[in-house]
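Given next are the chains, with one letter for each unit.
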Amino acid sequence: MSRKLLVLWATLAALTLGACTTTLPTASQNDIDALAQAIQALGPEVDPAEAQEAAAISYSYSQRLAQEWNVSDPAIIHNAKVINGFREYGLCNDWAQAMTTRLKQENFRTLDLHWATSPPTQFRIIHHSASVSAKGDSMYDGIILDPWRNSGALHWAPVREDTKYNWRPRLEVREELLNGKLPY
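Chemist: Just checking my understanding: could you explain the pairing of strand β1 (residues 111-118) for this structure?
Modeler: Along any regular strand the residues' side chains alternate between the sheet's two faces. Across the 8 residues that make up β1, a large majority, 8, are buried. Where burial is concerned, the two faces of β1 agree: the one with Leu111, Leu113, Trp115 and Thr117 and the one with Asp112, His114, Ala116 and Ser118 are both buried.

The structure is reproduced here in structure tokens:
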């Protein structure tokens, strides 16, 4: 499917589904605590205070970005708005960059941050997200932090269990796209 056809399809979908709006995301302390526990369970060396801070930031920053970027539609509709100039930010790579940058500002001692990418397939476009792991572990051993797919409401899961996407390190996917190993 050509890019122009994809853009046309996304625009038509945005117009057709324009009435399908999303409410601003909210998170409870239980949501934050559950993510903090999952992050702490990544390894015995993970500092509980760092796990709690990473979880709190992941939820609050996702909510803040959704508000700042005026995300009021399902993700694919918001993408069409960005592509067509109606919004400035909100593509998955915007979320991944913002989340990774924000979390790196904390200079965690016991956690590593990664930029995860799911390569394009015949029926799915490329997708980016942030990931957190125990210090020294690979992104595959971590937790995906994906606010894009639910329009700012943070989705998280262990990377290996998030089977909706084929998460891989961003630079690895980038290299394969540039040298033609990926056909899409």
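Further notes follow.
Chemist: Explain unusual backbone geometry here, please?
Modeler: Trans is the common state for peptide bonds, and a negative phi is the common state for residues other than glycine. If you check the backbone angles, Asn70 has positive phi at about 55 degrees while not being a glycine. Within the element layout of this structure, Asn70 appears in the loop between α3 (48-68) and α4 (75-83). You will see that Asn107, though not glycine, has its phi angle at about 50 degrees, which is positive. With respect to the helices and strands, Asn107 occurs in the loop between α5 (92-104) and β1.

Chemist: Sorry if this is basic, but what is going on with the side chain of Glu176 here?
Modeler: Within the secondary structure layout, Glu176 lies in helix α6 (residues 170-178). The exposure class assigned to Glu176 is buried, which follows from its relative accessible area of 19%. Of note is the side chain of Glu176, whose polar atom sits 2.7 Å from the side chain of Arg168. With residues near it in sequence (within four places) discarded, Glu176 still touches Arg168, Lys181 and Leu182.

Chemist: What is the right way to read the packing of helix α2 (residues 29-40) against α3 from this model?
Modeler: Packed helices, taken two at a time, are described by the angle their axes make and the gap between the axes. At a minimum axis separation of 8 Å, α2 and α3 run at an interaxial angle of 135 degrees. The angle between the axes of α2 and α3 places the two elements in the oblique class. Note on packing geometry: the crossing formed by α2 with α3 is right-handed. Facing Gln29, Asp31, Ile32, Asp33, Leu35, Ala36, Ile39 and Gln40 of α2, the residues of α3 in contact are Pro48, Ala51, Gln52, Ala54, Ala55, Ala56, Ser58 and Tyr59. The class makeup of the residues in the contact of α2 with α3 is 10 nonpolar, 4 polar and 2 charged.

Chemist: Help me understand the environment of Asp47, please; the structure alone is not making it clear to me.
Modeler: Mapping Asp47 onto the fold places it in the loop between α2 and α3. The sequence separation of Asp47 and Phe108 amounts to 61 residues, and the corresponding C-alpha distance is 9.1 Å.

Chemist: Where do I start with the sheet that holds β1 in this structure?
Modeler: Strand pairing within a sheet occurs via backbone hydrogen bonds; the two strands may be parallel or antiparallel. The 5 strands are arranged β4-β3-β2-β1-β5 in an open sheet whose pairing can be described as antiparallel. At either margin of the open sheet sits one strand with a lone partner, and together these are β4 (155-158) and β5 (168-169). Alignment of strand β2 (residues 127-134) against strand β3 (residues 143-146), held across 3 bridges, turns out to be antiparallel. Bridge assignment links Val132 to a residue of β3, and that residue is Ile143. Helix-sheet contacts for α5 involve β1, β2 and β3, and the interaxial angle to β2 is about 25 degrees.

Chemist: Looking at this structure, how should I read the pattern of salt bridges?
Modeler: Close approach of charged atoms allows side chains with opposite charge to pair. Scanning all chains against the criterion turns up 11 salt bridges. The shortest N-O distance in the salt bridge between Arg168 and Glu172 comes to 2.9 Å. Overall, Glu172 belongs to the partly exposed group, its relative accessible area being 36%. Connected through shared salt-bridge partners, Asp47, Glu50 and Arg109 make up one network.

Chemist: What's the story with the pairing of β3 in this structure? I'm lost.
Modeler: Where burial is concerned, the two faces of β3 agree: the one with Ile143 and Leu145 and the one with Ile144 and Asp146 are both buried. Examined bridge by bridge, β3 and β4 share 4 bridges and lie antiparallel to one another. Residue pairing for β4: Ile143 is matched across the bridge by Pro158.

Criteria and cut-off values
All residue numbers refer to positions counted from 1 along the written sequence of the respective chain. Per-residue local features are limited, in this predicted model, to residues with pLDDT of at least 70; the limit for side-chain atom pairs, both in listing and counting, is 80 or more; totals at the level of whole chains, interfaces and linings are taken over all residues. Computation of side-chain values: all heavy atoms of the structure, hydrogens and water removed. For every residue, the accessible area (1.4 Å probe, protein chains only) is compared with the maximum for its type, and the residue is labelled buried under 20%, exposed over 50%, or partly exposed between those bounds. Helix and strand assignments come from DSSP, with helices taken as H or I runs of at least 4 residues and strands as E runs of at least 2, each series counted from the N terminus. Polar contacts here mean pairs of N or O atoms no more than 3.5 Å apart (in protein, one a potential hydrogen donor and the other a potential acceptor; neighbouring residues in sequence count only if both atoms are side-chain atoms). The contact rule is simple, with two residues in contact once any of their heavy atoms fall within 4.5 Å. In this description, a line fitted to the C-alpha atoms serves as the axis of each element, helices being fitted only across the stretch in contact, and the angle between N-to-C directions of two axes falls anywhere from 0 to 180 degrees. What sets the label is the angle itself: under 35 degrees gives roughly parallel, over 145 gives roughly antiparallel, 65 to 115 gives roughly perpendicular, and the rest give oblique. By convention the crossing between two helices is left-handed if the near helix lies anticlockwise of the far one by an angle smaller than a right angle, and right-handed if it lies clockwise. Under this grouping Gly is polar, as are all residues other than the nonpolar Ala, Val, Leu, Ile, Met, Phe, Trp, Tyr, Cys and Pro and the charged Asp, Glu, Lys and Arg. Note: two strands are recorded as paired if DSSP finds a minimum of 2 bridges between them. Salt bridges are identified by distance alone: a Lys or Arg side-chain nitrogen within 4 Å of an Asp or Glu carboxyl oxygen.

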